[in-house]
Every structure is written in structure tokens, then in C-alpha cells.
Amino acid sequence: MVGKRWILTTACDAKVAVEEIKGKQTLNQIAQACAVQVAQCQKVLREGAPMVMLQAKGVGRRFASRWVLRSLDLDLDAGERVALLGPSGCGKTTFLNLLGGLDRPDEGTILLDGEALHQ
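Procedures and definitions
- Residues numbered from 1 in each chain as written.
- Predicted model: local features only at pLDDT ≥ 70, side-chain atom pairs only at ≥ 80, totals over all residues.
- Heavy atoms only, no water.
- Salt bridge = Lys/Arg side-chain N within 4 Å of Asp/Glu carboxyl O.
- Helix = DSSP H or I, 4+ residues; strand = E, 2+ residues; numbered from the N terminus.
- Buried < 20%, exposed > 50% of the residue type's maximum accessible area, 1.4 Å probe, protein only.
- Pairing = 2+ DSSP bridges.
- Phe/Tyr/Trp six-rings, centres within 6.5 Å; stacked < 30°, edge-to-face > 60°.
- Lys NZ or Arg CZ within 6 Å of the ring centre and 35° of its normal.
- Patch = residues over 30% accessible without salt bridge, like charges linked within 9 Å, V, L, I, M, F, W, Y side chains within 5 Å.
- Areas by Shrake-Rupley, 256 points an atom, 1.4 Å probe, with all protein chains shown as cover.
- Lys, Arg positive; Asp, Glu negative; His and termini not counted.
- Charge placed at Lys NZ, Arg CZ, Asp CG, Glu CD.

A word on the pattern of salt bridges. Any two side chains of opposite charge can pair, so long as their charged atoms come close to each other. The tally for this structure, following the rule as stated, stands at three salt bridges. One salt bridge connects Asp-103 with Arg-61, and the closest N-O pair in it is separated by 3.0 Å. With Asp-103 in the loop between helix H3 (92-99) and strand E3 (107-112) and Arg-61 in strand E1 (residues 54-63), this pair connects stretches of sequence that are 42 residues apart. For Asp-103, a relative accessible area of 16% gives the class buried. Note on Arg-61: relative accessible area 14%, which makes it buried. One continuous salt-bridge network, built from bridges that share partners, spans Arg-61, Asp-103 and Asp-106.

In C-alpha cells:
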């Protein structure tokens, strides 16, 4: 089993991509699922279909008493791309795990197309 590995292709179909990838067991299966999602997203981009918006509002995550993320806000418009940069241990992977539904925030909400990722 691969564990907590996933790829967010683009914001256009991230929710479907994450659900498709969650059940995969090997890196090869994950790569194939990702390729399918990328192709679907590219089709959406070409055809101009409506795309989703990703929002993080006041997101925070802690491990024991140490806050790794605190009051993080992000608005990602349809078709927009973003890169997460920072030093080791600053919370990049933690935030991606929250976006992918592999972990839950201790505070705040993450919305994909207006729907909360974590209930």
C-alpha cells in the first residue's frame, strides 16, 4: 500500500481526482488514475466548461501542542494554479494532505466548489 500519496491535478476536478486516487494500492495504479484525471481536466479547460473554486478559510492543523498551520487562507479561482514553497517543516505537505482529504484540519474549513471537504 502506498499510504498518503496523492496528486492534485488542477482545481477543475480535484474532488473527483482525490476520490479516484484514494482507493489505489500501487504507484502504477495511482499514476494511471492521475493520467485519467489530467486528461479530463485538460478537456474541461479546452471546452471552457465551468470549473470549481478551492477555498481555505482559517485552516489550522496541530500535532500535539505544536501548530504546523495556523489561520491559513487561500482562494484559488477556476483555472488558477499555485505552488507551495517554503522551508522543511513549514506545513506544505500537511496542507496538501488536508486538501486531499487525507487529514482533517483542527480549525477552519476547506471548500471545493462551495462544498466542505471535511464534515
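Our next topic: the sheet that holds strand E4 (residues 115-116). Pairing within the open sheet is antiparallel, and its four strands lie in the order E2-E1-E3-E4. A strand with exactly one partner marks an edge of an open sheet, and here the two such strands are strand E2 (66-76) and E4. Relative to E3, E1 runs antiparallel, the two sharing five bridges. Its bridge partner lying in E3, Leu-54 is registered against Leu-112.

This part covers the packing of aromatic side chains. What describes a pair of aromatic rings is the distance from one ring centre to the other and the angle between the planes of the rings. As enumerated under the stated definition, the model contains zero aromatic pairs in all. Of note, Arg-70 hangs over the ring of Trp-67, and the distance from its end group to the ring centre comes to 3.9 Å.

On the surface, Asp-73, Asp-75, Asp-77 and Glu-80 cluster together into a patch of negative charge. Relative to the helices and strands, Asp-73 resides in strand E2. For Asp-73, a relative accessible area of 56% puts it in the exposed group.

Bridge count for E1 against E2 is seven bridges, and the pairing is antiparallel. Paired with Arg-62 across the strands is Trp-67, a residue of E2. Counted between consecutive antiparallel strands, the loop separating E1 from E2 contains two residues, among which Ala-64 sits at a positive phi close to 60°.

Keep in mind these values describe shape, not function.
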